[in-house]
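# Observations on the model geometry
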Amino acid sequence: MRGQRAHALGLVLLAGSMATAFVPPARLAVSRATNVLAGARKARGFVYDVLKGKVGARLALAATGADVVAVAQQESDWQSALPSIMLCHSGRQLVGSFPDTEPLGVAWQGPRILDALGVSLEEQEVDAAVGGSGEGKPLVPAVVLSDPADVEDPICVAVDVSSLDEGFVLSEVLRASGGSGLEDVQFLDTRSLMVRADPASLLDCGRARAMLGWHASNKFCGKCGTPTVSIEGGAKRKCSAGESCGARVYPRTDPVAIMLVYDAKTDRCLLGRSRRFRSGMYTCLSGFVEPAEPLEMAVRREVFEEAGIEVGAVEFVASQPWPVGRGGTCELMLGCLAEALSTEINVDQSEMEDVRWFTREEAEQAHKLSVEYANGGGQPPEGLLWVPGSYAIAHHLVAQWLRRA
């Protein structure tokens, strides 16, 4: 389980030397799964010392005549209530907010929620680490989010409770969180959280969405068809056939080339839209990188296929994980700027509804409107053009080109 840090998802976008963030980089905002335990323990004062010092602290207490058994029981009781479980249902994560706070955050649950829901975690070691009650209950998938090197037990875990009735789960959560001050508790999809959640929570939700989705799609061995089992805290899956197969399956990330094509002679950039987009939204062209295909070749191929434009120089700018990719997979968006060698557009109507050149002034206006109509979710007037919001790498590729005037 070591090394499975939630912030390793790295939902970070670095445009040039300026950190324009899908969420802030790890050096500015770290995973809530890593910090929530340390923060909670420090807030508890002396109990934190007991947890950290363990035997040493108990011996110190004994020297003062304190009831060591009572302190140990207090430690055990509080440990079992420490918020370390993220519940997930049908690709969504359980979030909520506190009074007078606008961003949503993960509604972390104590390990006792597993008993309330009547489930145990698929891996016995993980179940025991979070304080589960053991065997005899339906097993549910789980992925370790925190790194044991960063926090002491219990570890932070994302748990997939999609097999349970959603109403039942929410009722048990509300019952368990009575008096916590948490409001508006709900399961919300990761895509919506990109503009509504606090950055640290988004890191954890993104990893949970990607990893649990991958587990759900890899229940059987691709070599022999035998069921697979989760191992190493959900970092991998292994064929249960034993020595006759024993194949291991690793999480999948699909590389996607996304590019802002520009014409240096006329100072314009190329943007397109799909039929499924909201009215007025245009974005950078994109497409999957084929097996054994260089990124630069993928950029040139996709642009020519979708718009009939020939591309010369390709410059890699930044990357962005996209845990809500097409087909339910996690994608890695590889952002590029690409110089056009031709300007006549020939749209592939099977892939795109429209592709057009934007002047610098049009691109600036569309970029400004993105905050209102992408981040804010407002309904744009008919005929108004805008680009994706700051949660998407396309937004920052447009900004990168605009800054290079």
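Predicted, not measured: the structure shown is a model, and the values here were computed from it.

### Details of the overall build of the protein
Looking only at helices and strands, one finds twelve helices and 17 strands in the protein. Relative to its full complement of 405 residues, the protein shows a buried share of 50%. Considering only intrachain contacts with a sequence separation of at least 6, the fraction spanning at least 24 residues in the protein is 65%. Surface exposure of the protein reaches about 18300 Å², of which carbon and sulfur atoms provide 53%.

### Regarding the pairing of strand β2 (residues 92-97)
Counting buried positions over the six residues of β2 gives six, a clear majority of the element. Sheet topology places strand β1 (residues 85-89) next to β2; two bridges connect them, and they run antiparallel. For His89, the partnering residue across the bridge sits in β2 and is Arg92. Taking the residues that link successive antiparallel strands as the turn, the β1-β2 hairpin has two residues, and the phi of Ser90 there is positive, at about 55°. Of the pairings in the sheet, the one linking β2 to strand β8 (residues 183-189) comprises five bridges and is antiparallel in character. Bridge assignment links Ser97 to a residue of β8, and that residue is Glu183.

### Re the sheet that holds strand β9 (residues 228-231)
If you walk across this open sheet you meet the three strands as β9-β10-β11, and the pairing is antiparallel. Bordering the open sheet on either side are β9 and β11 (248-249), each of which pairs with just one other strand. As paired elements, strand β10 (residues 236-239) and β11 share two bridges and run antiparallel to each other. Residue Arg237 lies in a different strand from β11, and its bridge partner there is Val249. Relative to the sheet, helix α9 (residues 199-216) contacts β9, β10 and β11, its axis offset from that of β10 by approximately 15°.

### Some points on the nonpolar core
Grouped together as the largest cluster of nonpolar side chains are 53 residues, with contacts concentrated most on Met86, Leu193, Leu260, Leu271, Cys284 and Trp401. When neighbours within four sequence positions are excluded, Leu271 is seen to be in contact with Leu260, Tyr282, Thr283, Cys284, Asp354, Val355, Arg356, Phe358, Val387 and Val398. Formed by 23 residues, the second largest nonpolar core is a distinct cluster that contains Ala107, Val169, Val173 and Val185.

### Points about the confidence of the model for the protein
Residues shown with low pLDDT carry predicted positions that ought not to be read at fine detail. A residue-level look at the protein finds 74% of positions with pLDDT of 70 or above and a mean pLDDT of 79. Note on residues 1-66: pLDDT is under 50 here. Beyond four places in sequence and across chains, it has 142 contacts. In the model, residues 71-79 has pLDDT below 50 throughout and makes 18 contacts with residues more than four positions away in sequence or in other chains.

### Side note on the pairing of strand β12 (residues 253-263)
Consecutive residues of a regular strand have side chains that alternate between opposite faces of the sheet. Counting buried positions over the eleven residues of β12 gives nine, a clear majority of the element. Pairing of β12 with strand β14 (residues 285-288), which is carried by four bridges, proceeds in the antiparallel orientation. Counted as the bridge partner of Ile258 is Ser286 from β14. Here β12 runs beside strand β13 (residues 268-273); their pairing, made up of three bridges, is antiparallel. Paired with Tyr262 across the strands is Cys269, a residue of β13. As consecutive antiparallel partners, β12 and β13 are separated by four residues, and within that stretch Asp267 has a phi angle of approximately 55°, a positive value.

What counts and what doesn't
- Residues numbered from 1 in each chain as written.
- Predicted model: local features only at pLDDT ≥ 70, side-chain atom pairs only at ≥ 80, totals over all residues.
- Heavy atoms only, no water.
- Helix = DSSP H or I, 4+ residues; strand = E, 2+ residues; numbered from the N terminus.
- Buried < 20%, exposed > 50% of the residue type's maximum accessible area, 1.4 Å probe, protein only.
- Contact = heavy atoms within 4.5 Å.
- Areas by Shrake-Rupley, 256 points an atom, 1.4 Å probe, with all protein chains shown as cover.
- Pairing = 2+ DSSP bridges.
- Axes fitted to C-alpha atoms, helices over the stretch in contact; angles between N-to-C directions.
- Core = buried A, V, L, I, M, F, W, Y, C linked by side-chain atoms within 4.5 Å.
- pLDDT = per-residue confidence, 0-100.

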